[in-house]
Amino acid sequence: MTVSNAIVIGAGIGGLAAAAALARRGMAVTLLEQAPVVSEVGAGLQISPNGMAVLRAMGLEAKLKERSAVRGQAVVLNDYKAGRQVARLDLMRGQADYPYMFVHRADLIDVLFGAAKRGNVSVELGAQVEKVVPGGPPTLLLADHARRRAELIVDAGGIHSKTRATLNGDDAAQFSGQVAWRALIPNRFDHPAEAHVTMGPGRHLVSYPLRGGKLINLVAVEERDTWAPEGWSIADNPANLRRAFGAFGGRAADMIAAVDHCTLWGLHHHPVASVWQQNGVALLGDAAHPTLPFLAQGANMALEDAWVLASCVLNQPIDQALRRYQSIREARVRRVIKTAAGNAARYHLHPGMTRTAAHLGLRLASRLAPGAMIGAFNWLYHHDVTTP
């Protein structure tokens, strides 16, 4: 093994997965997290088959199911007025090897944290990283002025990663003109084990069940001119959500009416980093390639990154390994990001001939060629980074 020790920055999904994956390969790993505890806000995730392939290879699929993760049966597209179904993508068709799961984010964090602890990862909380310096070996500076060195430093600290800025310069992020509310509500609405996308003019609502169907995760996206800050945990008044989605009917309206706590998240475009690695330092997940949440792939891409990075550094010189890591991952994540950005426009069509024709086309394809509809995502869901 060429690399024997590593430091991972950030105890989110990508950081925990990377720490656990590196430790599984025999490395001594230290995980640094600036928060005083490893935890996560209440929110849901969709772990598609490509992400489940990584969790299964890490021996974590059963543990995730023990947390009452819900196996998704379909993605259903609905019209906003009365919730009429437009199209249905059958997730069970051709996806039997790896399931599509709806997971509470806190449950996945806990499962990955358990894997890291079983791998003897050393976890240091309240450790705020001020600077990472590539080199042989790379070093990092903490807020308390302590310095750390390791043969490999992985920054999975998200879109505000200081290492990203060190390797690429300042981030030219731009407000996307869209905001997202997030909320969890009790499942009093008989929501099936499906992800529902309710499409309206300039906005859409995503809903799916969590924790054995006891909860429903809601993500409501609206186009707007008014800028909103970026961050998942900024509280907002549910009345603002209800006002923005006042034209929605059917189950969507009932679910929105049940929201008593929500957060507001300003969606921003961040460029994919040109440089992911340099002299023993690597970026992972959102630190390298932030994506908008319109394809449900942020967590899945972080899981894929973690597995590929750990595999690359196993038996190769560090600089060669990290170059290979970026070369394997970059084209795929760029395609995911481009596809995600396109989904928003398709969900938000305004009344008129374009919307009518688009929805008619979806209805016909769903009825006459259901296999082709889900097959269009084979490039995404059938991709398995754990197989040679």
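Further up the page is the structure itself.
1. Observations concerning the overall build of the protein chain
Phase 1 of the analysis: When helices and strands are tallied, the protein chain shows 12 helices and 20 strands.
Phase 2 of the analysis: At 21 Å, the protein chain has a C-alpha radius of gyration in line with the 21 Å of a compact globule built from 388 residues.
Phase 3 of the analysis: Along the three orthogonal principal directions, the C-alpha set of the protein chain runs to about 60 × 40 × 35 Å.
Phase 4 of the analysis: Counting the 388 residues in the protein chain, one finds 54% classified as buried.
Phase 5 of the analysis: The long-range share in the protein chain, meaning contacts at least 24 apart out of those at least 6 apart in sequence, stands at 77%.
Phase 6 of the analysis: Taken as a whole, the protein chain presents about 16000 Å² of accessible surface, with 51% of it coming from carbon and sulfur.
Phase 7 of the analysis: Charged side chains in the protein chain number 40 positive and 31 negative. The centres of these two groups are separated by 5 Å.

2. Some points on helix 10 (residues 353-368)
Phase 1 of the analysis: In this model helix 10 runs 22 Å from its N-terminal to its C-terminal C-alpha over 16 residues, within 8% of the 22 Å that 1.5 Å per residue would give.
Phase 2 of the analysis: Taken residue by residue, helix 10 has Arg-355, His-359, Arg-363 and Ser-366 as its buried positions. For helix 10, the arc enclosing every buried residue in end-on projection is 70°, short of the 170-degree limit, so these residues lie on one face. Counted as exposed and oriented over 90 degrees from the buried face of helix 10: Met-353, Thr-354 and Leu-368.

3. Thoughts on the pattern of salt bridges
Phase 1 of the analysis: Tallied over the full model, the rule gives 15 salt bridges.
Phase 2 of the analysis: Across the salt bridge formed by Arg-88 and Glu-194, the nearest N and O atoms sit 3.1 Å from each other. In this pair, Arg-88 is assigned in strand 6 (residues 85-90) and Glu-194 in strand 14 (residues 194-200), connecting sequence segments 106 residues apart.
Phase 3 of the analysis: Here Asp-305 and Arg-329 are joined by a salt bridge, their closest N and O atoms 2.6 Å apart. On the criterion of sequence distance, the pair formed by Asp-305 in helix 8 (residues 298-312) and Arg-329 in helix 9 (residues 318-347) is long-range, its members being 24 residues apart. Pair check on accessibility: Asp-305 and Arg-329 agree, each one buried.
Phase 4 of the analysis: A single salt-bridge network, built from bridges that share partners, covers Arg-67, Asp-107, Asp-110 and Arg-211.

4. So, the nonpolar core
Phase 1 of the analysis: In terms of nonpolar packing, the biggest core is built from 105 residues, with Leu-22, Ile-47, Leu-55, Leu-108, Leu-112, Leu-140 and Val-313 touching the most fellow members.
Phase 2 of the analysis: By size, the runner-up hydrophobic cluster in this structure holds 22 residues, among which are Ala-183, Ile-185, Ala-252 and Val-259.

5. Topic: the sheet that holds strand 19 (residues 277-278)
Phase 1 of the analysis: The strand order across the open sheet formed by 6 strands is 8-2-1-12-20-19, and the pairing between neighbours is mixed. Bordering the open sheet on either side are strand 8 (122-125) and strand 19, each of which pairs with just one other strand.
Phase 2 of the analysis: Sheet analysis places strand 19 next to strand 20 (residues 281-283), joined by 2 bridges and oriented antiparallel. Each residue of the ladder has a partner; that of Gln-277, found in strand 20, is Ala-282.

6. Details of the pairing of strand 13 (residues 174-186)
Phase 1 of the analysis: In this structure, strand 13 lies alongside strand 18 (residues 262-269), joined through 7 bridges in antiparallel fashion. Bridging across to strand 18, Ala-180 finds its partner in Trp-265.
Phase 2 of the analysis: When strand 13 meets strand 16 (residues 215-223), the two strands line up antiparallel, connected through 9 bridges. Pairing of Gln-178 across the sheet is with Glu-223, part of strand 16.

7. What about the packing of helix 1 (residues 13-24) against helix 8?
Phase 1 of the analysis: One can describe the packing of helix 1 onto helix 8 by two numbers: an axis separation of 8 Å at closest approach and a directional angle of 25°. The angle between helix 1 and helix 8 places the two elements in the roughly parallel class. Between helix 1 and helix 8 lies a crossing of right-handed hand. Between helix 1, through Ile-13, Gly-14, Ala-17, Ala-18, Ala-21 and Leu-22, and helix 8, the contact on the second element is made entirely by Ala-299, Ala-302, Leu-303, Ala-306 and Ala-310.

Procedures and definitions
- Residues numbered from 1 in each chain as written.
- Predicted model: local features only at pLDDT ≥ 70, side-chain atom pairs only at ≥ 80, totals over all residues.
- Heavy atoms only, no water.
- Helix = DSSP H or I, 4+ residues; strand = E, 2+ residues; numbered from the N terminus.
- Rg over C-alpha atoms; globule rule 2.2 N^0.38 Å.
- Buried < 20%, exposed > 50% of the residue type's maximum accessible area, 1.4 Å probe, protein only.
- Contact = heavy atoms within 4.5 Å.
- Areas by Shrake-Rupley, 256 points an atom, 1.4 Å probe, with all protein chains shown as cover.
- Lys, Arg positive; Asp, Glu negative; His and termini not counted.
- Charge placed at Lys NZ, Arg CZ, Asp CG, Glu CD.
- Expected span 1.5 Å × (residues − 1).
- Arc of directions from axis to C-beta.
- Salt bridge = Lys/Arg side-chain N within 4 Å of Asp/Glu carboxyl O.
- Core = buried A, V, L, I, M, F, W, Y, C linked by side-chain atoms within 4.5 Å.
- Pairing = 2+ DSSP bridges.
- Axes fitted to C-alpha atoms, helices over the stretch in contact; angles between N-to-C directions.
- Parallel < 35°, antiparallel > 145°, perpendicular 65-115°, else oblique.
- Left-handed = near helix turned anticlockwise from the far one by under 90°.

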